[in-house]
Amino acid sequence: MTAAAGRLTRAWGEKNFLTTVFGTVDHKQIAMRYMITAFVFMGEAGTAGLVMRTQLAVPNNTFVGPDHYNQVFTLHGTVMIFLFATPLLIGGFGNYFVPLMIGARDMAFPRLNAFSYWVYLFSGMLLYSSFFAGRAPNGGWFAYVPLTGPKYSPGTNLDFWALGIIFLGISTTSGAVNFICTIFKLRAPGMSINRMPLFVWGMLVTSFAIIFALPPLTLGASLLEMDRQFGTHFFDPDAGGNPLLWQHLFWVFGHPEVYIMFLPAVGIVSTIIPTFCRTRIAAYSLLVLASVAIGFISFGVWVHHMFSVGLPPLSLAFFAAGGMAITIPSGIQIFAWIATIWRGDIVWKTPFLFVVGFLVTILIGGFTGVMVTAVPLDWQVTDSQFIVAHLHYVLVGGVVLPIFGALYYWLPKITGRMLDERLGQIHFWLFFIGFNLTFFPMHFMGLFGMPRRVYTYEPDYGLTALNLIATVGAFMQAAGILVFLANFVKSMIRGDDAGDNPWNAGTLEWATTSPPEPFNFRDVPVVASADPLWDAPGETKWDDRLEDPRGGQREAYGTSVVDADVSEMLVMPGPSYLPLALALSMAALFVGILFQVFVVIAVASAVGLCAVALWFWPEEGNGAAI
Amino acid sequence: MSGGASARPYPRYVAGTRAPATWGLFTFIATESILFSLLFSSYFYLRSSATEWPQGGIAASDLRVPAINTVILLASSVPLFWAEHSIKRGNQTGLRVGFALSFLLGAIFLALQLREYSRLPFQANANAYASLYFVITGFHGVHVFVGMLMNGMTQARAWAGHFDEKRYLGVQNASWYWHFVDVVWIFVFAIVYISPHVL
Amino acid sequence: MTARRGRRPVPRIVARLMVCAIGVLASGCGRGMLDGQSPQADRIALLWWLLLSIATVVFFAVTALLGYALFRRRGGATSRFEREPRSEMMFIIGGGGVIPLVLLVVVFAATIATMAAASNDGSSDEMQIDVIGHDFWWEVRYPGQQATAENVIHVPVGRDVRFNLKSDDVIHSFWVPQLNGKTDMIPGSNNSTVIKATTAGAYQGRCAEFCGIGHACMTFILVAEEQAQFDQWIAAQRARSGALPDPQTQDNGECVGPKASGVTRPGDAASARAKTEGAP
Ligand code: HEA
Ligand code: HEA
Ligand code: CUA
Ligand SMILES: [Cu+2]
């Protein structure tokens, strides 16, 4: 038995320190890097949030001036969406837990996975370097032209933004490709598509949404960059372009993007609820359908971000109806969760607390969403603080609360140590109350006429008190997060041992050690239900044929797409520096484009092409080639 | 637990939809198709709000060279079918010649495109039409170039003996990508070259 | 005006807070969109109250269900994996699908009706005013009357006024919360909106689309007054030689004069007039 583990470790483990740091392709290592990086970005963007709240605490404040304020909210929005929430959910949780939940040994393309991370890191650094150069982007997170075009934003601020976004898109897209292939081809034998955990379903739908939603963003940002650097006229009304083209391209991406963050979060909720209610999820197939439906409909509602640009009433009505249609699958989800709770036998632990907080806040955020799909009401509240309230209720309440829940739930698996319950509850209450204090008053600010993206306001008509409350709430949220950090440190120093399955959960990630070995599972699970660990003993079988890797290679089963019958042997690649080399050369390429240094562009392209060539050149004895 | 060197009853080398890499290629092609369709939509979006098209007194493109180019590019797919067919029977020569022929046709296509560019009386910065013209055809050209790189890579691997009648996944994916680039050209030709004449 | 905006004694802030607390639902404080002074704004406010009522009822109903599910007494040993598919499915589909669908039909109908009313075509004798957005000021023109103004718009009370909205540089958005929703001003295209102020007074208007460093300061005052006064004003504006750039922002983006993001109450005509007379 230990001999088998030893053999597997020799095949799957890291060889030495250098390969571990720069060459690892282990999805768990990569996922942890994603999580830490995303959290650093959250700290920075959250601090930006505190800066904004401090500036807005009292009227006519002079803490930061308008120029600075514009950079701060642009960075805050961009970083929170692109560098915190999306990568944390997909690159972090998805990367760590999808292979474990489906009983796989790694992602389908481990080196591509490493590449995604490096690109994410470098594009994030590119975006952030602008801040330290004092040239942070300042056109808002949706960067409307002509304001962001060459004429009205002549500096390099917006070039950082556009190039950073294009670069990051490469990471997100390759991540999505990887997830689709992993989920389609690497599921444990017997895990037919109707036995897949709901979190995996969420990741699958999200990955498809990325495949279809990222191109408009990439295209839009490329056209913008060409307008800015090469004098094209896509968005220039004086030479036949149209600024509204940008808005369409951005929101065809932007609306699905919010569900790209929301669907994995929903998957987390559907994972935590059954565990802490000690019962199977109610209406599994309806929940799957709901996710798929939301994914689909989300591509047909982008115009609801453009209700006031003067479109014909008929198309306004159409897109209003589309937005309202999303309510139905959302309602199904809510009621399925309530039914599960109803049926269940509740264990009140921190992860569950965060999920209950989520359920309450997503109702409020969802309802304000429905309110703003009512076109004439949107004419009044759009671009006001009311929208800021809506977007934080759904993003912080609907995405960040599940993220915290997931951290309390899954960190024991990652670190092998439990987090402290009492600190966890303090964290929850501080954050939950602080969050509501911050964002609930913003509804009223909007109704009373306070627009968004203004660096100050007049001491009049109740705005003062509301803003002050919001600021106090923001600092409470920060305190909550600090408690979480303390909790984490404490658990690393002297947390209780987690054991394999501390929550008595039903999905496969709990069938292995905490933290898992590099090869995840010694034997391959052969699954017979949706919650294999809750089955009667013996129902889930373990296939031990891969215990002795042939020639020390990283072997895995490839299974069929629908029924997950084993159909072929796969051999996975080992550690490699190529992903890092390619990502670095691409980073250099983008920097070259940013400053228009053609030598850099040429050298970087050459190096990049070499890296690709080597990448596709199969290693000896390892035919893992494409 | 027996561990040990138990049998591996499953095939090691697969192609088609059984290989994860094929799904990777499919999803990649899906995302690229979206990118191209959005470029085309942008073309019609800007056109729909324009008073004249092409703008700024530019004449609609001359169709002769693009038509020849269309034939060349479509023809370049044929040797790839043949190459794929050959390697599935272990015919290495057919594989190499097929890829080489296709590469050559791709190169001629690109050369003719570049010649077209050099003769145009306008630049990408003239107006929105010109920008679209250059970006759509240029973007497609980049894809042809990438396809040729993949072609060269496959050629090199063929010489290194990476392929035989069981192992031809790389061949299959390189040629499928090329077919995709071909199909996109049909749309580019119809939209950028023909539509200003007929619509 | 500056005096009124000066430091406010603390007790008044406390009082205001209390008024806010009570008056939040009745919009006792703030002079925003809920305190409409035109048929358009009134209709939208009505829609708001409808949506708010539905949302409130559904919110409390759903949280009550959730609360019951969480805290209900569990009878003895739980039947962990037993399912009751029929009743459970009915609960999920009925509560999450059917009831919302019915409510949404209502919401959609109300939306369409309000849309028609709030974006009405105006009447045949509507008055035309051109407003052009600039970084960061408003150019106002009265076509056919050779009158111009900057950052202040006068309209006759009780009359349909069509605003033809354009932009000279980036996208701005025209918004007078008490009179109607926003309409974007987009370079290269023409938008318009109709407003009919039913009460005389000065209304705070402002730019709602982020337009750069001076966005926070890009405000204007809309004065609705009796026809006679309006004619007088027009006559005075006619004597000028056209609109002159009057940015409300200094080079560092700070506002010139008061940073008016708040909203003015209808009675503030006097302060608005002060601003008008100050203008060249
Ligand atoms: C995770 C992110 C997330 C989620 C889930 C949502 C969910 C929804 N959003 Fe939101 N939205 C954003 C993130 C999100 N949004 C962001 C970031 C912006 C601002 C972008 C910017 O401008 O910066 C935005 C802006 C935004 C706008 C544009 C406003 C404007 O700029 O003028 C609109 C307009 O229609 C809208 C609508 C909706 C709707 C209808 C939903 C629906 O999906 C909600 C559905 C859910 C429910 C309704 C609750 C559960 C249902 C029931 C319990 C059934 C019973 C209910 C009823 C009968 C009503 N959103
Ligand atoms: C996931 C997305 C997300 C999240 C989580 C948040 C979280 C927060 N947001 Fe953000 N916000 C957006 C997405 C998000 N926001 C978007 C998209 C916009 C629109 C931007 C635009 O208009 O372009 C916006 C806009 C926005 C505004 C409006 C700006 C304006 O229009 O004028 C404000 C103002 O109060 C605000 C505040 C906050 C606050 C206080 C938090 C708090 O919840 C933050 C809490 C977190 C912290 C306080 C961090 C604490 C961390 C530590 C203490 C540890 C430190 C560690 C290290 C440094 C390593 N946000
Ligand atoms: Cu003009 Cu904001
Ligand atoms: Cu949306």
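Structural data are supplied above this passage.
K.L.:
If you had to explain the overall build of chain A to someone new, which residues and values would you point to?
P.N.:
Broken down by element type, chain A carries 18 helices and four strands. Expressed as lengths along the three principal axes of its C-alpha atoms, the size of chain A is roughly 75 × 65 × 50 Å. Long-range pairs, those at least 24 residues apart, make up 80% of the contacts in chain A between residues at least 6 apart in sequence. With an accessible surface of roughly 18,200 Å², chain A has 70% of that area assigned to carbon and sulfur atoms. Treating the 30 positive side-chain charges of chain A as one cloud and the 37 negative ones as another, the clouds have centres 5 Å apart.

K.L.:
How would you summarise the side chain of C:Lys182 if you had to cite specific residues and measurements?
P.N.:
Mapped onto the elements of the fold, C:Lys182 is located in strand E7 (residues 180–185). There is no salt bridge for the buried C:Lys182, and the closest opposite charge comes from A:Asp383, which lies 6.5 Å off by N-O distance. Of note is the side chain of C:Lys182, whose polar atom sits 2.5 Å from the backbone oxygen of A:Thr382. Every residue in contact with C:Lys182, bar those within four places of it in the chain, is listed here: A:Ser308, A:Trp379, A:Gln380, A:Val381, A:Thr382, A:Asp383, C:Ser173, C:Phe174, C:Trp175 and C:Ala208.

K.L.:
Run through the site of ligand 2, naming residues and quoting values.
P.N.:
Residues and elements named next belong to chain A. The environment of ligand 2 is made up of 29 residues, and the closest members are Tyr 69, His 76, His 392, Arg 453 and Gln 477. Here an oxygen atom of ligand 2 and a side-chain polar atom of Gln 477 are 2.4 Å apart. Put simply, the parts of the chain that give the shell around ligand 2 at least two residues each are helix H3 (27–56), helix H4 (66–101), helix H14 (385–415), helix H15 (421–447) and helix H16 (463–494). Grouping the amino acids of the shell around ligand 2 by side-chain chemistry returns 19 nonpolar, seven polar and three charged.

K.L.:
Tell me about unusual backbone geometry, residues and numbers included.
P.N.:
Going from A:Val145 to A:Pro146, the amide bond is cis rather than trans, its omega being -5 degrees. Relative to the elements of secondary structure, A:Pro146 occurs in the loop between helix H5 (110–132) and helix H6 (157–185). Here the bond from B:Trp53 into B:Pro54 is cis, since omega is -5 degrees, no more than 30 degrees from zero. Relative to the assigned elements, B:Pro54 resides in the loop between helix H1 (20–48) and helix H2 (64–75). Even without a glycine there, the phi angle at A:Ala283 is positive, about 55 degrees. Topologically, A:Ala283 is positioned in the loop between helix H8 (243–277) and helix H9 (284–297). Using a relative accessible area of 8% as the deciding quantity, one classes A:Ala283 as buried. Phi is positive for A:Asp383, which is not a glycine, with a value near 55 degrees.

K.L.:
Describe the coordination of the iron atom of ligand 1, naming the residues involved and giving the relevant values.
P.N.:
All names here are of chain A. When only protein atoms are considered, the iron atom of ligand 1 has one donor, His 390 (NE2), at a distance of 2.2 Å. A separation of 4.5 Å is found between the iron atom of ligand 1 and the copper ion (ligand 4). Of note, His 390 is situated in helix H14.

K.L.:
Please give an account of the interface of chain A and chain C that cites residues and values.
P.N.:
Counting from both sides, the interface comprises 89 residues of chain A and, opposite them, 94 residues of chain C. Between chain A and chain C, a total of about 7,900 Å² is buried, with carbon and sulfur atoms accounting for 72% of that surface. On the surface where chain A and chain C come into contact, there are one salt bridge. Residues C:Glu88 and A:Arg343 are paired through a salt bridge, measuring 2.7 Å at the closest nitrogen-oxygen approach. At the boundary of chain A with chain C, the tally comes to ten residue pairs in polar contact (both at pLDDT 80 or more). Those elements that place two or more of their residues in the side of chain A that touches chain C are H4, H8, helix H10 (313–325), helix H11 (327–343), helix H12 (350–373), helix H13 (375–381), H15 and H16 of chain A. The biggest single contributor to the side of chain A that touches chain C is H11(A), with twelve residues.

Conventions and cut-offs
- Residues numbered from 1 in each chain as written.
- Chains lettered and ligands numbered in written order.
- Predicted model: local features only at pLDDT ≥ 70, side-chain atom pairs only at ≥ 80, totals over all residues.
- Heavy atoms only, no water.
- Helix = DSSP H or I, 4+ residues; strand = E, 2+ residues; numbered from the N terminus.
- Contact = heavy atoms within 4.5 Å.
- Areas by Shrake-Rupley, 256 points an atom, 1.4 Å probe, with all protein chains shown as cover.
- Lys, Arg positive; Asp, Glu negative; His and termini not counted.
- Charge placed at Lys NZ, Arg CZ, Asp CG, Glu CD.
- Buried < 20%, exposed > 50% of the residue type's maximum accessible area, 1.4 Å probe, protein only.
- Salt bridge = Lys/Arg side-chain N within 4 Å of Asp/Glu carboxyl O.
- Polar contact = N/O pair within 3.5 Å; in protein donor to acceptor, adjacent residues only side chain to side chain.
- Near = heavy atom within 4 Å.
- Nonpolar A, V, L, I, M, F, W, Y, C, P; charged D, E, K, R; others polar.
- Donors = N, O, S within 2.8 Å, 3.2 Å for Na, K, Ca; no water.
- Buried area = accessible area lost by both parts, 1.4 Å probe.

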